[in-house]
Amino acid sequence: MREQAIIRDQNDTLRNYRDLFDLEESTIYLDGNSLGPPLRAAKSQIQETIEHHWSKRLIRSWNEDWLDAQKRTAEKLAKLINAEPDEVIIADSVSVNLYKLAFAALASNKEKKEVITDSLNFPSDLYILQGLQQQSFKEKSLRIIEQESCRYANDRILEAISDKLNLLSLSHVTYKSAFKYDVKSINKKVKQCGGLNLWDLSHSIGAVSIDVKDLGVDMAVGCTYKYLNAGPGAPAFLYISKAIQEKLRNPIQGWFSHKNPFEFDRMFEPITGAQAFAVGTPSIISLKGIEPNLDVFLEAGMQTLERKSKDLFDYFILNFQNILKERDFTIDTPLDSSERGSHIALLHKEAYRINLSLINPRITRKSFITDHRPPNIIRIALSPLYMRFEDIWHLTERLAEIIDTKEYELYSDIKTGVI
Ligand SMILES: Cc1ncc(COP(=O)(O)O)c(C=O)c1O
């Protein structure tokens, strides 16, 4: 089976993209859905920003480069999701962007009282929605639909949507199992019922193709530091469809959402377009890590990347059937590629300690960086730009070794830290 991996790598049309990264051979990185590794070009952009723009050009850089860079980067991101340039901004965190858009959606309709989300959504999104309902919109109700499994998740959402709906807010690809909703059908029903939809694209941007127009997306938010590899805490993005821009008001109006921020007027006058949802000064150093990545994603093409992700997944399944299944692993990610993003949720009752063994090996020198999500999930990200089929072969071998030698028993099961 290793031979198969080698042949697939030789035939991989994306194989040269790996050279754009500084990946160490002693580490196989499989956590690109949490924090992507840096492109060399992103590192030099950040260095140039520090050494040239910040150190030498100082405040002149706002006019010479930084304001343009922010706009240009947002336009490239808009292209990646088939949005118009003035439908996207890059700013703040996903949580803050979700707050701004959800607040605006709730404030925009006094008649409709229901907010719907579900238990597969990312906790921060749930906290934001809970906070909004409890602190600012007590007259509305928040329904968190309990999804026992992904199997009927689309149906449960479709059943729940009624004329009462004000806002539906879900993660496009869910963070645990990588289940992907049927966004188009869901948005169609939301529209028929007169509600608004707000999608969190954090686990889908850079992992699957997204066409916000075709999918009928009203609003979206998402990370740049996962599959887009922009660096820890790099600013998030926010999308708001032109059709609803005039109806919605940013609840945190700051000088960057003012029509003429540098005239320093005392009274607020909103700018038009998605920029109306900006607040304050953009984080330029982090922003600089985004643009080179977008260039690469646009060049490689999301459909090509998605195809490789599917091939990597299929190859993993082959290894799973032959080697991992008999070692009590199961898979919680949909096998149908139209229903998943680009990571695998591999389940095992010892998932936490197996994950530690992968990351900090005691009986080999090769480290595999995956992560653990409670209670029993090892997440394996398939990042087609830099991953090789052979990485999957080595991972499978290593998982079998950890089980066969019971290496995981050398680790404590008290959970600490991020991964
Ligand atoms: C799906 C999803 N939404 C939101 C967030 C939170 O993003 P931020 O920390 O930028 O607010 C994350 C973070 O991992 C996430 O995975």
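The model shown is predicted, which means the values in this text are computed figures rather than measured ones.

## A look at the site of the ligand
And step 1. With respect to spatial proximity, 13 residues lie near the ligand, and among them Ser-93, Val-94, Ser-95, Phe-122 and Ser-202 are the closest.
And step 2. Counting residues per element, the ones that place at least two in the shell around the ligand are helix H4 (94-107) and helix H5 (123-135).
And step 3. The class makeup of the residues in the shell around the ligand is 5 nonpolar, 6 polar and 2 charged.

## Focus: the nonpolar core
And step 1. The biggest cluster of nonpolar side chains holds 121 residues, and the ones touching the most others in it are Ile-89, Leu-101, Ala-102, Ala-105, Leu-238 and Tyr-239.
And step 2. With 9 residues, the top contributor of residues to this core is H4.
And step 3. Counting contributing residues per domain, this core is built from domain 1 (2-39 + 301-410) and domain 2 (43-288), each supplying no fewer than three.
And step 4. Those residues in contact with Leu-101, other than ones at most four positions away along the chain, are Leu-198, Met-219, Val-221, Leu-238, Ile-240 and Phe-277.

## Points about the sheet that holds strand E9 (residues 330-331)
Sheets are built from strands paired through backbone hydrogen bonds, the pairs being either parallel or antiparallel.
And step 1. If you trace the 4 strands from one edge of the open sheet to the other, you get E9-E10-E13-E12, paired in antiparallel fashion. Of all the strands in the sheet, just E9 and strand E12 (371-373) have a single pairing partner and so form its edges.
And step 2. Two strands pair when backbone bridges link them, and E9 and strand E10 (residues 343-347) are joined in this way by 2 bridges, in the antiparallel orientation. Residue pairing in the sheet places Thr-330 in a bridge with Leu-347 of E10.

## Quick word on the pairing of strand E7 (residues 219-222)
And step 1. In E7, alternate side chains face the same way, and those of Met-219 and Val-221 on one face and Ala-220 and Gly-222 on the other are all buried.
And step 2. Across 3 bridges, the pairing between strand E6 (residues 196-200) and E7 is parallel. In the strand pairing of E7, Leu-198 is matched with Met-219.
And step 3. Alignment of E7 against strand E8 (residues 237-240), held across 4 bridges, turns out to be antiparallel. Residue Val-221 lies in a different strand from E8, and its bridge partner there is Leu-238.

## A look at the sheet that holds E6
And step 1. Spatially, 7 strands are ordered E2-E8-E7-E6-E5-E3-E4 in an open sheet, and the strand pairing comes out mixed. Single-partner strands in this sheet number two, and they are strand E2 (88-90) and strand E4 (141-145). Looking at each pair of strands side by side, their axes are set apart by 15 degrees on average, direction ignored.
And step 2. Relative to strand E5 (residues 165-171), strand E3 (residues 114-118) runs parallel, the two sharing 3 bridges. Residue pairing for E5: Glu-114 is matched across the bridge by Leu-165.
And step 3. Sitting on the sheet, helix H3 (residues 60-80) touches E2 and E8, and the angle it makes with E2 is about 125 degrees.

## Considering the domain arrangement of the protein chain
And step 1. Segmenting the protein chain into domains produces domain 1 (2-39 + 301-410) and domain 2 (43-288).
And step 2. Computed from C-alpha atoms alone, the centre-to-centre distance between domain 1 and domain 2 is 29 Å.
And step 3. Each partner contributes residues to the interface: domain 1 has 25 residues there, and domain 2 has 21 residues.
And step 4. Elements with a contribution of two residues or more to the side of domain 1 that touches domain 2: helix H12 (302-324) and E10.
And step 5. Counting residues per element, the side of domain 1 that touches domain 2 draws most heavily on H12, at 4 residues.

## Here's the deal with the environment of Val-212
And step 1. Along the chain, Val-212 turns up in helix H8 (residues 212-215).
And step 2. Owing to 23 C-beta atoms within 10 Å, Val-212 belongs among the buried residues under this scheme.
And step 3. Once residues lying within four places of it in the same chain are set aside, the contact partners of Val-212 are Ile-81, Asn-82, Ala-83, Val-217, Ala-220 and Tyr-239.

## A look at the pairing of E5
And step 1. Of all the 7 residues making up E5, 7 are buried; the element is thus mostly covered by neighbouring parts of the structure.
And step 2. Pairing of E5 with E6, which is carried by 5 bridges, proceeds in the parallel orientation. Within the sheet, the bridge partner assigned to Ser-171 lies in E6 and is Asp-200.
And step 3. The parallel pair E5 and E6 is bridged by helix H7 (residues 183-192), and the resulting crossover is right-handed.

## So, the packing of helix H2 (residues 40-57) against helix H11 (residues 291-300)
And step 1. For the pair H2 and H11, interaxial distance at closest approach is 8 Å and the crossing angle is 150 degrees. With respect to H11, the element H2 is oriented roughly antiparallel. You can see that H2 and H11 cross each other, and the crossing is right-handed. For the pair formed by H2 and H11, the contact residues are Ala-41, Ala-42 and Gln-45 on the first element and Glu-291, Pro-292 and Asn-293 on the second.
And step 2. Looking at side-chain class alone, the contact of H2 with H11 contains 3 nonpolar, 2 polar and 1 charged residues.

## Concerning H4
And step 1. Along its 14 residues, H4 runs 20 Å from first to last C-alpha, staying within 8% of the 20 Å computed at 1.5 Å per residue.
And step 2. With 11 of its 14 residues buried, H4 lies for the most part within the structure.
And step 3. Taken together, the buried positions of H4 are occupied by Val-94, Asn-97, Leu-98, Tyr-99, Lys-100, Leu-101, Ala-102, Phe-103, Ala-104, Ala-105 and Leu-106.
And step 4. Its buried side turned inward, H4 meets E3, H5, E5, E6, E7 and E8.

## A closer look at the environment of Ile-81
And step 1. Structurally, Ile-81 is set in the loop between H3 and E2.
And step 2. In this structure, the C-alpha to C-alpha distance between Ile-81 and Lys-213, residues 132 residues apart in sequence, is 8.5 Å.
And step 3. Those residues in contact with Ile-81 that sit more than four places away from it in its chain are Ile-210, Val-212 and Tyr-239.

Reading the values: the criteria
Residues numbered from 1 in each chain as written. Predicted model: local features only at pLDDT ≥ 70, side-chain atom pairs only at ≥ 80, totals over all residues. Near = placed C-beta within 6 Å. Helix = DSSP H or I, 4+ residues; strand = E, 2+ residues; numbered from the N terminus. Nonpolar A, V, L, I, M, F, W, Y, C, P; charged D, E, K, R; others polar. Core = buried A, V, L, I, M, F, W, Y, C linked by C-beta atoms within 7 Å. Buried ≥ 20, exposed ≤ 12 C-beta atoms within 10 Å, placed from the backbone. Domains from an automatic or database assignment. Contact = placed C-beta atoms within 7 Å. Pairing = 2+ DSSP bridges. Axes fitted to C-alpha atoms, helices over the stretch in contact; angles between N-to-C directions. Right-handed = clockwise from strand over helix to strand, strands pointing away. Parallel < 35°, antiparallel > 145°, perpendicular 65-115°, else oblique. Left-handed = near helix turned anticlockwise from the far one by under 90°. Expected span 1.5 Å × (residues − 1).

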